[in-house]
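# Analysis of the macromolecular model
Here's the letter readout for the chains.
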Amino acid sequence: MDNYYLGKKEYFPKIGKIKYEGPKSKNPLAFKFYNPEKKVGKKKMKDHLRFAIAYWHSFCADGVDPFGAATMAHPWNQGVKSPMEGAENKMDAAFEFFTKLGVDLYCFHDRDMAPEGESPAESEKNLFTMVAKAKKLQKATGVKLLWGTANVFTNPRFMNGAATNPEFGVVALAATQVKAAIDATIELGGAGYTFWGGREGYMSLLNTDMKREKDNLARFLTMARDYGRKQGFKGPFYIEPKPMEPTKHQYDYDTETVIGFLRYYGLDKDFRLNIEANHAELANHDFAHELECAAAAGLFGSVDANRGDPRNGWDTDQFPMSYQECALAMYAILRAGGFSSGGLNFDAKIRRNSVDNQDLFLGHIGGMDSFAVGLEVAQRIIDDGLIPAFTKKRYASFNSGDGARFAKGQMKLEELAKIGSEGGYKKIGLSSGRQEYLENILNQYLLGL
Ligand code: XLS
Ligand code: CA
Ligand code: CA
């Protein structure tokens, strides 16, 4: 089809379908590296990368920051007579954008899609009116839902948290929203459901009963899991770690913390990790580190693709641009078996001074191209085999003899200590890690060599 908008109006005029034109193209509105049909390893690029668009940043954010007012006058909000009319227009704009960009997955919060009403019942009515429209647009365009979630952090009532709120009434109101958001996700055939615990943390320990809050959080997640399963939801629930912002400390601090939490409360069968690059950076970790941690625990799920700014400690949610970071991330993802129900959700926003109608496309095109390069480099690392073989060889002493018996748990500390004392200690432990050699090879791969 060459009519890429299905609503009353075209919101991104003069922009057609974004095509792959190759690395030498000078057309800003074309992919230089993302060639969806190209095979990389055993799968097409588009099936490896499973790109998704974040409804909130792309169609709701308007440039407001703590120091300044909105800079973006979105055409879908102009001249509307009611918030619901704005929501309908916004959805038309969103599906026009998905289709023109050629991305067939998206993610949303309940409040991104539908305005909050005067009562929980009215909010739900608004949400399900919009869900019905989304269902039609999904059918017409082939776009699918990667995951849904509930915004239980913006409304002032959540200032002290949602599931971890010290007031039971607020916890119950959060449940009203989460239940409806799970229903909406199921109705739209969502592949997953995400919990990001924005205000599930504390500002001061002087007024916080931490054990109670964590127990309540686990209780709430357990109830949500049970409800979703009862309603027939088969996909993964995700926890998205973040160390702080807006709270001083968030309980879902980083991947290892979340893994410990899920295992302690018996939630690790139904929950996996949704890892965001910028949140990894705020926790003082590399993006790839967080991915490796989740993969090692068998809990890797999905990704929020973006980047922070190394010069500050904020969640700036910029579009990913670093080939190296994307390559290391994709190397971790490919070794974890790639995405099954997860995907690469661009939880990223254009800067508040990027106010041209093309800018949203340019941000996504750059991010998609960066991950396409990252994917090809990661596949090159695997196909060439030098780096994986080096790592494998480094642990070879655990594959046979005493090392293998140790690894299988067939040895006691006394025996291990005896081997240590008899084992030619002078020659042991001095094999080079050859990090520089490996980094130099990576740089060659980054240039396609
Ligand atoms: C905020 C989070 C949020 C989640 C979804 O920092 O990234 O947008 O991804 O609630
Ligand atoms: Ca996120
Ligand atoms: Ca973020």
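The structure contained in this document is the topic of the report that follows. (Residues numbered from 1 in each chain as written. Chains lettered and ligands numbered in written order. Predicted model: local features only at pLDDT ≥ 70, side-chain atom pairs only at ≥ 80, totals over all residues. Heavy atoms only, no water.)

### Observations regarding the coordination of the calcium ion (ligand 2)
Coordination of the calcium ion (ligand 2) by the protein is provided by E240 (OE), E240 (OE), E276 (OE), D304 (OD) and D347 (OD), with metal-donor distances spanning 2.1 to 3.1 Å. Linear spacing of the donor residues for the calcium ion (ligand 2) on their chain is E-x35-E-x27-D-x42-D. (Donors = N, O, S within 2.8 Å, 3.2 Å for Na, K, Ca; no water.)

### Things to note about the pattern of salt bridges
As a working rule, side chains carrying opposite charge can pair if their charged atoms are close by. According to the stated counting rule, one finds 24 salt bridges in the structure shown. One salt bridge in this structure joins R405 and D402, with 3.4 Å as the shortest N-O distance. On the criterion of helical spacing, the pair formed by R405 and D402 is a turn pair, its members being 3 residues apart in helix α14 (residues 401–407). Residue classification places R405 among the partly exposed residues on the basis of a relative accessible area of 27%. (Salt bridge = Lys/Arg side-chain N within 4 Å of Asp/Glu carboxyl O. Helix = DSSP H or I, 4+ residues; strand = E, 2+ residues; numbered from the N terminus. Buried < 20%, exposed > 50% of the residue type's maximum accessible area, 1.4 Å probe, protein only.)

### Observations concerning the sheet that holds strand β5 (residues 51–54)
Spatially, 8 strands are ordered β5-β6-β7-β8-β10-β12-β13-β14 in a closed barrel, and the strand pairing comes out parallel. The sheet shows a mean angle of 30° between the axes of neighbouring strands, taken without regard to direction. As paired elements, β5 and strand β6 (residues 105–109) share 2 bridges and run parallel to each other. Looking at β6, one finds that A54 is bridged to C107. (Pairing = 2+ DSSP bridges. Axes fitted to C-alpha atoms, helices over the stretch in contact; angles between N-to-C directions.)

### Points about the packing of helix α8 (residues 255–264) against helix α10 (residues 287–296)
It is at 9 Å that the axes of α8 and α10 come closest, and there the two elements cross at 25°. Taken together, α8 and α10 sit at an angle that is classed as roughly parallel. Seen along the crossing, α8 lies across α10 with a hand that is right-handed. Facing T255, E256 and I259 of α8, the residues of α10 in contact are E290, C293 and A294. Here the contact of α8 with α10 is built from residues that sort into 3 nonpolar, 1 polar and 2 charged. (Parallel < 35°, antiparallel > 145°, perpendicular 65-115°, else oblique. Left-handed = near helix turned anticlockwise from the far one by under 90°. Contact = heavy atoms within 4.5 Å. Nonpolar A, V, L, I, M, F, W, Y, C, P; charged D, E, K, R; others polar.)

### Focus: the side chain of N151
If you trace the backbone, N151 turns up in the loop between β7 (144–149) and α6 (168–187). At 3.0 Å, the side chain of N151 and the backbone nitrogen of F153 are in polar contact. N151 has contacts with H109, D110, R111, F158 and Q177, leaving out every residue within four places of it along the chain. (Polar contact = N/O pair within 3.5 Å; in protein donor to acceptor, adjacent residues only side chain to side chain.)

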